[in-house]
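# Topology and contacts: notes
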Amino acid sequence: MTQRALDSSGEQTPGSSRPAMIDAGAELDPVHPVDLPPSGHRATGLTTAEVAERVARGEVNDVPVRSSRSLTEIVRANVFTRFNLIIGVLWVIMLFVAPIQDSLFGFVIVANTGIGIIQEWRAKRTLDSLAVIGEAKPTVRRDGTAAEVSTHEIVLGDVIELGPGDKVVVDGTVAEADSLEVDESLLTGEADPVLKRPGDPVMSGSFVVAGGGAFTATKVGREAYAAQLAEEASRFTLVHSELRSGISTILKYVTWMMVPTAIGLIISQLVVKDNNFKDSVARTVGGIVPMIPEGLVLLTSVAFAIGVVRLGRKQCLVQELPAIEGLARVDVVCLDKTGTLTEGGMDITEVRPLNGSDESYVHQVLRSLGSSDPRPNASLQAIIDAYPAGGDGEAAWTVTEAMPFSSARKYSGAAFTETDGTSSAWLLGAPDVLLPEGDPTLDEIEHLNEQGLRVLLLARVPSGELDAPDAAEGDVPTALVVLEQRLRPDAAETLKYFAQQNVATKVISGDNAVSVGAVAGKLGLAGAENTLDARRMPTDPDEMATAMEQNAVFGRVTPQQKRDMVAALQSRGHTVAMTGDGVNDVLALKDADIGVSMGSGSEATRAVAQIVLLNNSFATLPSVVAEGRRVIGNITRVATLFLTKTVYSVLLAILVVCSQVEYPFLPRHLTLLATLTIGVPAFFLALAPNKERAQPHFVRRVMRYAIPSGVIAAAATFTTYLIARHHYSGPGALEAETSAATLTLFLVAMWVLAIIARPYTWWRIGLVAAMGLGFLIVLVVPWLQDFFALKLVGTTLPWTAVGIAVAAAALLELSWRWVGRRFGA
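The following paragraphs examine the structure supplied in this document. Every chain is numbered on its own, with residues counted from 1 as its sequence reads. Where totals are concerned, whole chains, interfaces and linings use all residues; where local detail is concerned, this predicted model gives features only for residues with pLDDT of at least 70, and gives and counts side-chain atom pairs only at 80 or more. Side-chain numbers come from the whole structure's heavy atoms, not from hydrogens or water.

## Brief notes about the overall build of the protein
Comment: elements are numbered from the N terminus, with helices defined as DSSP H or I runs of at least four residues and strands as E runs of at least two. When helices and strands are tallied, the protein shows 27 helices and 23 strands. Each residue is placed in one exposure class: buried if its accessible area under a 1.4 Å probe, protein chains only, is under 20% of its type's maximum, exposed if it is over 50%, and partly exposed if it falls in between. Residue burial in the protein is summarised as follows: out of 825 residues, 57% are buried. Only heavy atoms matter for contacts: two residues are in contact if any of them lie within 4.5 Å across the pair. In the protein, once contacts between residues fewer than 6 apart in sequence are set aside, the share between residues at least 24 apart is 74%.

## Structural notes on the packing of aromatic side chains
The description of an aromatic ring pair uses the distance of the two centres, along with the angle that the planes make with each other. Stacked, tilted and edge-to-face pairs are distinguished by plane angle, under 30 degrees for stacked and over 60 for edge-to-face with tilted covering the rest, among Phe, Tyr and Trp rings (Trp via its six-membered ring) whose centres lie within 6.5 Å. Applying the stated criterion across every chain yields a total of 10 aromatic pairs. Geometrically, the ring pair formed by Tyr 253 and Trp 256 is edge-to-face, given 5.4 Å between the ring centres and 70° between the ring planes. In this pair, Tyr 253 and Trp 256 both sit in helix H7 (residues 242-272), three residues apart, roughly one turn of the helix. Residue class for Tyr 253 comes out partly exposed when judged on its relative accessible area of 41%. Note on Trp 256: relative accessible area 55%, which makes it exposed. Centre to centre, the rings of Tyr 497 and Phe 498 are 5.7 Å apart; their planes meet at 70°, and the pair counts as edge-to-face. We note that Tyr 497, like Phe 498, is buried. Three or more aromatic residues joined by ring pairs form one cluster here, namely Tyr 361, Trp 397, Phe 416 and Trp 426. Only when the NZ atom of a Lys or the CZ atom of an Arg is both within 6 Å of the ring centre and within 35 degrees of the ring normal do we say a charge sits over the ring. In this structure, Lys 252 packs its charged tip against the face of Tyr 253, placed 5.7 Å from the ring centre.

## Remarks on the pattern of salt bridges
Salt bridges are defined as contacts in which a side-chain nitrogen from Lys or Arg sits within 4 Å of a carboxyl oxygen from Asp or Glu. According to the stated counting rule, one finds 19 salt bridges in the structure shown. A salt bridge links Asp 591 to Arg 563; the nearest nitrogen and oxygen atoms lie 2.5 Å apart. With Asp 591 in helix H19 (residues 586-591) and Arg 563 in helix H18 (residues 559-571), this pair connects stretches of sequence that are 28 residues apart. Among the ionic contacts, a cluster of salt bridges with common partners joins Asp 432, Asp 533, Arg 535 and Arg 556.

## Comments concerning the packing of helix H9 (residues 294-312) against helix H21 (residues 621-659)
Each axis is a line fitted through C-alpha atoms, and for a helix only the stretch in contact is used; angles between axes span 0 to 180 degrees, taken between their N-to-C directions. Put simply, H9 and H21 touch, their axes get as near as 10 Å, and they point 170° apart. One element, H9, and the other, H21, form an angle in the roughly antiparallel class. Each of Glu 294, Gly 295, Leu 296, Leu 299, Thr 300, Ala 303, Phe 304, Gly 307, Arg 310 and Leu 311 in H9 lies in contact with H21, whose residues at this interface are Ser 623, Val 624, Glu 627, Arg 630, Val 631, Ile 635, Val 638, Ala 639, Phe 642 and Lys 645. Of the residues in the contact of H9 with H21, the class split is 11 nonpolar, four polar and five charged. Working rule for angles: under 35 degrees goes down as roughly parallel, over 145 as roughly antiparallel, 65 to 115 as roughly perpendicular, anything else as oblique. For this classification, the nonpolar set comprises Ala, Val, Leu, Ile, Met, Phe, Trp, Tyr, Cys and Pro, the charged set comprises Asp, Glu, Lys and Arg, and every other residue, Gly included, is treated as polar.

## Here we look at the pairing of strand E15 (residues 423-429)
Of all seven residues making up E15, six are buried, and the element is well covered by its neighbours. If DSSP finds at least two bridges between two strands, the strands pair. Bridging between strand E14 (residues 411-417) and E15 involves seven bridges; their strand directions are antiparallel. Note that in E15 the partner of Phe 416 across the bridge is Ser 424. The hairpin turn running from E14 into E15, its antiparallel successor, is five residues long, and Gly 421 in that turn takes a positive phi close to 95°. In terms of strand pairing, E15 meets strand E16 (residues 454-461) through five bridges, oriented antiparallel. In the sheet register, Leu 427 faces E16, and the bridge partner there is Ala 459.

## A look at the sheet that holds strand E11 (residues 332-336)
Ordered by their spatial adjacency, eight strands build an open sheet running E10-E23-E22-E21-E11-E18-E20-E19, and the pairing between neighbours is mixed. Edge strands, defined here as strands with exactly one partner in the open sheet, are strand E10 (316-318) and strand E19 (531-533). Looking at each pair of strands side by side, their axes are set apart by 20° on average, direction ignored. Inspection of the sheet shows E10 paired to strand E23 (residues 611-613) by three bridges, in the antiparallel sense. In the strand pairing of E23, Leu 317 is matched with Val 612. Against the sheet, helix H17 (residues 541-550) contacts strand E18 (504-508), E19 and strand E20 (553-555), and its axis sits at roughly 110° relative to E18.

Have a look at this one:
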């Protein structure tokens with residue numbers, strides 16, 4: 001995901017790959033100072049009256065957060081384009097100098113623009129509704145009670161609670177801290193969490209990785225930059241996409257070709273040829289209009305917009321529109337096990353006392369550990385459910401120190417004063433981290449891991465600093481806590497889908513590698529037996545990339561290692577998607593080509609992810625992949641149609657200028673051809689299913705087919721036209737020549753359509769046949785002949801036109817096959 005930077009004024013800095021350093025010592029508002037609670041006291045927050053007073057003063061976090069472009073912006077983007085301006089001017093000219101049928105191209109553009117506006121408006125409404133569903137609501141203390149409010153309702157001086165995974169939404173100063181660790185990597189680029197104590201500043205855009213606490217808002221609204229980050233993270237964008245940038249490049253080259261060619265055509269038709277002025281103008285416009293691939297941008301926008309609507313119905317929020325395209329290019333998906341392959345909850349299946357420990361005493365320790373953490377993770381919640389506070393009639397122990405779970409440490413801990421007055425300290429976490437290598441207990445644990453069970457070790461440690469690096473030294477193993485994870489019912493089908501689509505799946509977890517491999521094996525993941533403990537992962541990026549390619553399951557992975565793994569895969573040319581829901585996934589989500597978060601995931605993961613699965617269903621991911629492949633594959637197909645027309649139009653104009661002859665077509669002829677061979681079929685083809693994995697180099701892939709197709713079409717058409725000029729003479733000769741040339745061009749363009757429509761299905765065959773039937777109807781119905789000025793005269797030239805078209809079609813087949821062999825499909 002592209003990182004965004006802010007300059008000193010708080011504005012986005014374009015083109016920066018890394019956020020600017022933030023001044024953590026920024027002063028508080030000197031006009032309306034914020035009263036901070038004394039250190040060690042619980043902050044009660046503002047009163048309702050104080051909130052109302054600050055809202056009246058404008059001290060509210062009122063930066064507008066939009067998830068999409070406004071209707072005005074949508075209309076402006078679809079109407080005021082370079083090519084719409086050119087076509088609009090030509091349309092006005094044609095309305096004055098030619099019959100209405102020569103102005104049909106203008107009505108087509110109006111209709112197309114209307115369709116584009118409507119589809120993007122539908123996408124906007126979908127995105128807006130989904131953004132509201134997925135909006136995080138921080139917990140704010142007011143009148144001494146905690147309640148969730150919208151981000152824009154926060155006022156200066158509000159006391160906002162923090163827990164693991166919560167994002168700091170405005171700038172502030174820590175009021176309370178309970179082992180509070182904040183990750184500021186999104187601001188400073190530094191991955192190591194920062195321990196925060198009361199009085200320390202916290203910056204909006206950072207997030208909590210461990211512990212809890214509260215902070216007082218010191219900067220809100222436009223003074224803070226969290227709202228700008230949130231706005232950028234959820235904005236409906238049509239930029240930074242290879243597809244759209246490729247189309248922009250093509251349009252730039254088309255403009256360069258079109259301008260001199262159009263000038264030459266105007267001079268040729270109006271000065272060199274002494275024809276009827278209005279007829280010359282009509283034929284000049286007829287030569288210029290088809291050079292413009294006017295429907296290509298429209299179809300791309302419509303395809304993306306319809307994709308957003310389709311995914312929205314499946315509760316998938318696309319925070320950055322090109323993410324649909326990006327996921328279609330993915331060839332490696334990195335999955336976090338918890339919350340992705342397994343559901344969030346777990347169940348305790350067994351507690352095994354070790355070293356002669358008393359079972360009831362172990363239960364009391366677990367009960368006390370559960371009550372020591374106000375924000376338990378899934379493992380601790382399972383312990384709380386099994387051993388609730390007050391169970392067995394035991395008096396509660398007094399917590400003297402608590403250390404929440406950290407994915408970097410792989411364990412949590414607490415110290416207590418027991419009912420008899422003695423002190424004890426405990427750690428609960430990964431056995432292979434807490435136990436020395438070679439400990440016999442690890443063999444027992446390995447057997448449980450092979451069954452896909454998760455095992456935690458409860459160990460007693462000497463009293464001291466629990467968060468010290470050597471806290472686990474001298475620990476006494478007391479019990480094994482065996483947990484069973486709940487597999488997601490849809491995970492197996494999703495893994496099967498990725499395997500069928502040749503997308504490699506890598507399971508990256510902080511849990512034991514063997515246990516994770518067993519879970520993945522139950523779900524049918526190919527290569528699940530190839531597991532690797534990340535503590536033995538090579539640090540060299542090239543060696544790490546090799547290990548990533550050779551193995552499918554990785555355990556005991558730290559957050560920083562997840563990030564390094566993504567980078568290692570990318571160094572080998574892989575396009576990587578990363579899914580996750582916990583704070584330990586944020587760094588990897590941010591660096592992956594595509595970040596995917598669960599809707600129930602932490603606020604931090606939702607903020608940096610480009611795609612949020614609001615229904616928390618991993619099974620939605622194939623729909624996103626399929627939608628992206630449909631968009632890219634189909635736009636590549638129809639772009640070839642549009643640009644073939646541009647190439648043959650430019651070449652025909654050049655040939656006309658060089659030969660000093662009348663341009664063979666009126667606008668009505670090319671409007672008819674474009675509608676039947678491009679416009680209508682392109683709309684259906686752009687929205688059709690397409691499962692091919694997206695390939696890079698969009699411009700090259702399109703042009704290497706469009707150029708030879710356009711050259712062959714132009715050569716065949718002009719050959720027919722020259723032959724017809726020698727065959728026909730007298731009044732009506734030009735109309736007969738035009739009709740013969742139109743027949744050849746239609747047949748060649750139809751063959752290009754027939755090639756692009758492959759592989760054939762019943763509806764694709766029907767589509768091509770219907771377009772051919774439409775042209776046939778025009779040729780045989782008298783009033784349509786008159787309307788489009790198309791009438792085949794005699795039999796010799798029409799059959800000659802067909803013969804030339806057949807030869808051109810054979811040449812098209814040969815050229816496409818040669819290009820496919822020479823450059824790849």
